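Here is what each chain is made of, one letter per residue.
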Amino acid sequence: MGSTNQDIYAELAAEFKAAGSKATVLTPGMPGYDESIKRWSDTCEKRAHATIHPRTTPDIQRTLAFAHTHTIPLVIRGGGHSTSGASATSTGIVLDLSSLRTVTVDPTALTITAGGGTTWADVDAAAARHGLATVGGTVNHTGVGGLTLGGGYGHLSGAHGLTIDNLLAVRMVLADGSSVRAAADEHADLFWAVRGAGQNFGVVTEFVFRAHPQREAVFGGMLVFPGEKLGGVVEFANWFHAGNDGRQTLLFGFTAPPPHGVAVVVVAVFYNGTETEGRGFFAPLWELGPLVDGTRSMPYEELNGILNEGQGFGGRKSFGGGNFTLPLEPKLVEGIRDDFMAFVQGHEDMGESLMLFEGVPFKKINEVASDATAFANRGEYYNVATMFKWYDEKLDGEVRAFSKALLKKASEDAGVWKKGKEGQGVGQYANYAELDHDATEMFGKNTKRLAELKEKYDPGNVFRSHRLGAKPAEVIVH
Ligand SMILES: Cc1cc2nc3c(=O)[nH]c(=O)nc-3n(C[C@H](O)[C@H](O)[C@H](O)COP(=O)(O)OP(=O)(O)OC[C@H]3O[C@@H](n4cnc5c(N)ncnc54)[C@H](O)[C@@H]3O)c2cc1C
């Protein structure tokens, strides 16, 4: 197990200094340490032996060598949003990439190069200055690192596919300390693995994305409806399923926000076009009579920031994922809502929890074969996510068990886990999975090849706290 001897961290800091590096090493009690172990979910705030903040590739190589020499477990922190604990540790060190924040855009080559610790806000803003965009997450303080390596869905997926479908290359430091480029023409097997299971294979210092011309003004925002309008929203989603042309997204779900804790239906819409086009497309929603209308025309770079407010740091949280198909019987969704609400309203301080049916058009995503990348969640279905938020540590186990059971039931009743849906993807987005899913649940038929590549690139399982163990029999999720 790892050493707790603080002297070795002072030595590492001295080594960085002697090499002229600006990398920092924080140990408990030092200014900045407590801040450095904060995560999106309080369940992931763990007291690491040290947090290391590299600035360069040699800093990362030095840290890996240090961890190897002292046999100290190591985890990597990108944006710090995973709720599985994958980017936190209480038994080792954190390699915190949040200083690797450079983004450069090449408007001629149509590429965006982003540092391993960038957030989507960094990327969206830099690209927008050139009238460009790539497929980023819908809450822009999430990390480019974790979101990309796990697949990546966003408002532009209907037009351009997953984030990994727009990934041209990565530069990464492997377990043996070498820094390599992985792309279709170089380490192609590693590049295959990186796109869906990248967290298991190394430290990505740089992502290169394809950029697409993006109009500045887009239409989007949140609508809130009384609980009894859920059926009407589901009817609209059924129409959306056939009626969208990939330029729209429709996320709908339910929550019971404080202070009143009354169940409401929330809908986030996006139309990659003018306000007139957007209002026309989503018109039936206004006929349902929203209580709150936060929709508007806005610059694209603002779009992925509009959901930030309800999704900030703090509180204990658990993300979970399943799948659903459309069209859906409204009664079925109402039943799922009733189960969700009974749990949320039956516990104290849980009203900020949310269940979201994510209408991200899948036609473009499904143009890439399921075995073309490690990502195995492509099919004719959508993701459904739970985001539970609570404050009492004693509820951790109960919330996770409830979330898993609810998503299983929803996916069996409303998704591709129903009998007779052979030939589809796994129906489990790895980035929404907690620790209690094994690798085959997330990678399906790709698991065997992934395990072989893990053996090739990380036989000692240095990047152990993620999704694959070194051997399939020892699978560790996330
Ligand atoms: C509020 C919220 C909104 C979300 N919205 C979306 C969405 O719109 N679309 C979507 O697809 N997903 C979404 N997600 C899920 C998101 O993809 C995952 O939570 C993802 O893990 C976040 O990445 P991170 O870098 O912020 O997290 P971290 O916890 O820092 O990292 C997650 C994993 O990736 C590894 N990692 C991170 N960076 C690197 C790197 N550079 N090199 C190697 N390994 C690295 C970490 O070690 C860890 O295993 C959302 C999550 C939240 C909490």
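Residues numbered from 1 in each chain as written. Predicted model: local features only at pLDDT ≥ 70, side-chain atom pairs only at ≥ 80, totals over all residues.

**Section: the overall build of the protein**
Looking only at helices and strands, one finds 15 helices and 19 strands in the protein. Relative to the globule expectation of 23 Å for 478 residues, the C-alpha radius of gyration of the protein, 22 Å, shows essentially globular dimensions. Each of the three principal axes of the protein carries a C-alpha extent, and together these read 65 × 55 × 45 Å. Expressed as a percentage of its 478 residues, the buried residues of the protein come to 53%. (Helix = DSSP H or I, 4+ residues; strand = E, 2+ residues; numbered from the N terminus. Rg over C-alpha atoms; globule rule 2.2 N^0.38 Å. Buried ≥ 20, exposed ≤ 12 C-beta atoms within 10 Å, placed from the backbone.)

**Focus on the site of the ligand**
If you check the shell around the ligand, you find 34 residues, and the closest are Gly78, Gly79, Gly143, Gly145 and Gly146. For the shell around the ligand, the elements supplying multiple residues, two or more each, are β3 (74-77), α5 (144-150) and β10 (203-210). At 5 residues, the largest contribution of residues to the shell around the ligand is made by α5. Residues that form the shell around the ligand fall into these classes: 12 nonpolar, 21 polar and 1 charged. (Near = placed C-beta within 6 Å. Nonpolar A, V, L, I, M, F, W, Y, C, P; charged D, E, K, R; others polar.)

**Brief notes about the environment of Glu441**
With respect to the helices and strands, the residue Glu441 is situated in helix α14 (residues 439-443). Using a count of 17 C-beta atoms within 10 Å as the deciding quantity, one classes Glu441 as partly exposed. When the C-alpha positions of Glu441 and Gln428 are compared, they lie 6.8 Å apart, and in sequence the two are 13 residues distant. Contact partners of Glu441, with chain neighbours within four places excluded, come to Val426 and Gln428. (Contact = placed C-beta atoms within 7 Å.)

**Here we look at the sheet that holds strand β6 (residues 111-115)**
Taken in spatial order, the 5 strands line up as β5-β6-β10-β8-β9 in an open sheet, and their pairing is antiparallel. Every other strand in the sheet has two partners, leaving β5 (103-106) and β9 (179-183) as the edge strands with one partner each. Neighbour-to-neighbour, the strand axes of this sheet turn through a mean angle of 15°, independent of strand direction. The pairing of β6 with β10 spans 5 bridges and is classified as antiparallel. By the bridge assignment for β10, Gly115 is matched with Glu206. (Pairing = 2+ DSSP bridges. Axes fitted to C-alpha atoms, helices over the stretch in contact; angles between N-to-C directions.)

**Here we look at the confidence of the model for the protein**
Taken as a whole, the protein shows an average pLDDT of 94; of its residues, 96% reach a score of 70 or greater. Note on residues 469-478: pLDDT is under 50 here. Beyond four places in sequence and across chains, it has 29 contacts. (pLDDT = per-residue confidence, 0-100.)

**With respect to the packing of helix α7 (residues 188-197) against helix α15 (residues 447-457)**
Two elements in contact, α7 and α15, have axes whose closest approach is 10 Å; the angle formed by their N-to-C orientations is 115°. Of the two elements, α7 crosses α15, and the hand of that crossing is left-handed. Facing α7, whose interface residues are Asp189, Leu190, Ala193 and Ala197, α15 presents Leu450, Leu453 and Tyr457. Looking at the contact of α7 with α15 residue by residue, the classes come out as 6 nonpolar, no polar and 1 charged. (Left-handed = near helix turned anticlockwise from the far one by under 90°.)

**Points about the nonpolar core**
Formed by 139 residues in total, the largest nonpolar core has its most connected members in Leu95, Ala193, Val233 and Val267. In terms of residues, this core owes the most to one element, strand β14 (residues 264-271), which gives 7 residues. (Core = buried A, V, L, I, M, F, W, Y, C linked by C-beta atoms within 7 Å.)

**Topic: the domain arrangement of the protein**
Each assigned domain of the protein is listed with its residue range as follows: domain 1 (6-96), domain 2 (103-214) and domain 3 (217-432). For domain 1 versus domain 2, the distance between C-alpha centres works out to 23 Å. On the domain 2 side, the residues contacting the 13 residues of domain 1 number 14 residues. It is helix α3 (residues 57-69) that contributes the most residues to the side of domain 1 that touches domain 2, 5 residues altogether. Across the side of domain 1 that touches domain 2, the residue classes tally to 6 nonpolar, 7 polar and no charged. (Domains from an automatic or database assignment.)

**Thoughts on the pairing of β6**
Counted residue by residue, β6 has 4 buried out of 5 residues, so it is predominantly covered. Strand direction decides the pairing type here: β5 and β6, joined by 4 bridges, are antiparallel. Pairing of Val103 across the sheet is with Ala114, part of β6. Here β5 hands over to β6 after 4 residues, with Leu110 in that stretch at a positive phi of 55°.

**Thoughts on the sheet that holds strand β2 (residues 50-53)**
Spatially, β1-β2-β4-β3 is the arrangement adopted by the 4 strands of the open sheet, whose pairing is mixed. The sheet terminates laterally at β1 (24-26) and β3, the two strands that pair on one side only. Neighbouring strand axes in the sheet, compared pairwise and without regard to direction, differ in orientation by 20° on average. Sheet analysis places β1 next to β2, joined by 3 bridges and oriented antiparallel. The residue of β2 that forms the bridge with Val25 is Ile52.

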